[in-house]
Amino acid sequence: MTITQEAGFCIDLHCHSTASDGALSPEDLVRRAGERGVTHLALTDHDTIAGLKEAGTAAQATGISLVAGTELSCLWRSHTIHIVGLDFDVADKDLNAALERQNDNRWRRARTIAEKLSKLRIDHLVEKATGKAGGDVPGRPHFARVLVEEGAVKDSAQAFKRYLGSGKAGDVKGFWPSLEEVVQWVTRAGGIAVLAHPRKYKLTATKLRALTGDFRQAGGRAIEVSTSGQSSGDLGFLAELCRRENLLASQGSDFHFPGAPWCELGSIMKMPDGLEPVWHHFRQPVGIHPAV
Ligand code: MN
Ligand code: MN
Ligand code: MN
């Protein structure tokens, strides 16, 4: 693993703070990025931009260039896909309204999971699961912990096996909008839509090409070629996909918490040559000097 540098820049365009499921506050995250030599950072919390203001203040103090970001959930052929939005107008009214709806969708899913598990007769299940999520919208792992605590199952593995795993009652899919819709939110707010970590969806190569094609049709402009936890084979495959679809290339660590060296701020495998970096297309391009 190498720290990606382009003419002295270290660019990380995907990470999470306590505004979603990250462990560090936006301020601490930016400080850590600075210590790790990151020069350009996009904070991309799940379906929110709530951390950007605090991150922006910290970035100014640290000398980091902060790029507006978020990571949006959507559906494509019944798969949950993540779209990173970069360099958009944070004041865009439609985007902010859409983010509100995304948040409502998360809560709706949590309530539905609780309803599906009502036969377990656990009082205040949503509230208890919310407690496990530190006040945030609970997901299946949080429900699993409550089930263990309430003695409905002996451990989390059993909770998934009986109630929450694939095909079980509590396996409720997210109420997400379509891929096309989400890409439009980003582009209409003046930003660039990036297909996040394409290998994480466990799609066949054929399906991934279909996804990338649909994404581009919808107005998507970049894919994450370099993200953490990838093999060099993945990197080569994604670089090829990027070239073939004529998309811009992005990179980001997807950092969530300290102590995971394979997923650390600024630690990203160097992108193969011959790709057009997404940051050359930001409103204030990184690494391109205006002609004199
Ligand atoms: Mn996450
Ligand atoms: Mn993701
Ligand atoms: Mn992420």
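Residues numbered from 1 in each chain as written. Chains lettered and ligands numbered in written order. Predicted model: local features only at pLDDT ≥ 70, side-chain atom pairs only at ≥ 80, totals over all residues. Heavy atoms only, no water.

Further remarks concern helix α2 (residues 52–62). Looking at α2, one finds that the buried residues are L52, A55, A58 and A59. Looking straight down α2, one finds that the buried residues subtend no more than 125° of arc, so they occupy a single side. Facing away from the buried side of α2, by more than 90 degrees, are the exposed residues K53, T57, Q60 and A61. Looking at the buried positions of α2, the neighbouring elements they touch are α1 (26–35), β3 (65–67) and β4 (69–76). Positive phi shows up at G63, right after α2, with a value of about 85°. (Buried < 20%, exposed > 50% of the residue type's maximum accessible area, 1.4 Å probe, protein only. Helix = DSSP H or I, 4+ residues; strand = E, 2+ residues; numbered from the N terminus. Arc of directions from axis to C-beta. Contact = heavy atoms within 4.5 Å.)

Attention shifts here to the pattern of salt bridges. Using the criterion set out here, one finds 16 salt bridges in the structure. The residue R31 makes a salt bridge to D28 at a minimum N-O spacing of 3.4 Å. Here R31 and its partner D28 are both found in helix α1, three residues apart, which amounts to about one turn of the helix. Taking relative accessible area as the criterion, D28 reaches 34% and is therefore assigned partly exposed. Among the ionic pairs, D273 bridges to K270, the shortest N-O distance being 3.8 Å. Classification of D273 as exposed rests on a relative accessible area of 65%. (Salt bridge = Lys/Arg side-chain N within 4 Å of Asp/Glu carboxyl O.)

On to the coordination of the manganese ion (ligand 2), then. For the manganese ion (ligand 2), the full set of protein donor atoms is E71 (OE), H82 (ND1) and H197 (NE2), and the range of their distances to it is 2.1 to 2.2 Å. Along the chain, the residues donating to the manganese ion (ligand 2) fall in the pattern E-x10-H-x114-H. Here the manganese ion (ligand 2) and the manganese ion (ligand 1) are spaced 5.6 Å apart. With a gap of eleven residues between them, E71 in strand β4 and H82 in strand β5 (residues 79–86) connect regions that are remote in the sequence. On the basis of relative accessibility, which here comes to 19%, the residue H82 falls in the buried class. (Donors = N, O, S within 2.8 Å, 3.2 Å for Na, K, Ca; no water.)

We now examine the environment of H79. Its place among the elements puts H79 in strand β5. Given the relative accessible area of 22%, H79 is considered partly exposed. Placed 123 residues apart in sequence, H79 and K202 show a C-alpha to C-alpha distance of 9.9 Å. Discounting residues that sit within four places of it in the chain, H79 has contacts with C74, L203 and K207. Engagement of the side chain of H79 in a polar contact is seen with the side chain of K207, the distance being 3.1 Å. (Polar contact = N/O pair within 3.5 Å; in protein donor to acceptor, adjacent residues only side chain to side chain.)

Glancing now at the sheet that holds β4. Across a sheet, paired strands are connected by hydrogen bonds in the backbone, their directions being either parallel or antiparallel. Reading across the sheet, the five strands line up as β4-β5-β6-β7-β8 and stay open at both edges, with mixed pairing between neighbours. The open sheet has two edge strands with one neighbour each: β4 and β8 (248–252). Each strand axis lies, on average, 40° off the axis of its neighbour in the sheet, ignoring direction. For strand β6 (residues 192–195) and strand β7 (residues 222–227), the ladder comprises two bridges, and the chain directions are parallel. From the neighbouring strand, V194 faces β7, where its bridge partner is A222. The sheet contacts of helix α8 (residues 205–217) involve β4, β5, β6 and β7, and relative to β6 the element is tilted by about 175°. (Pairing = 2+ DSSP bridges. Axes fitted to C-alpha atoms, helices over the stretch in contact; angles between N-to-C directions.)

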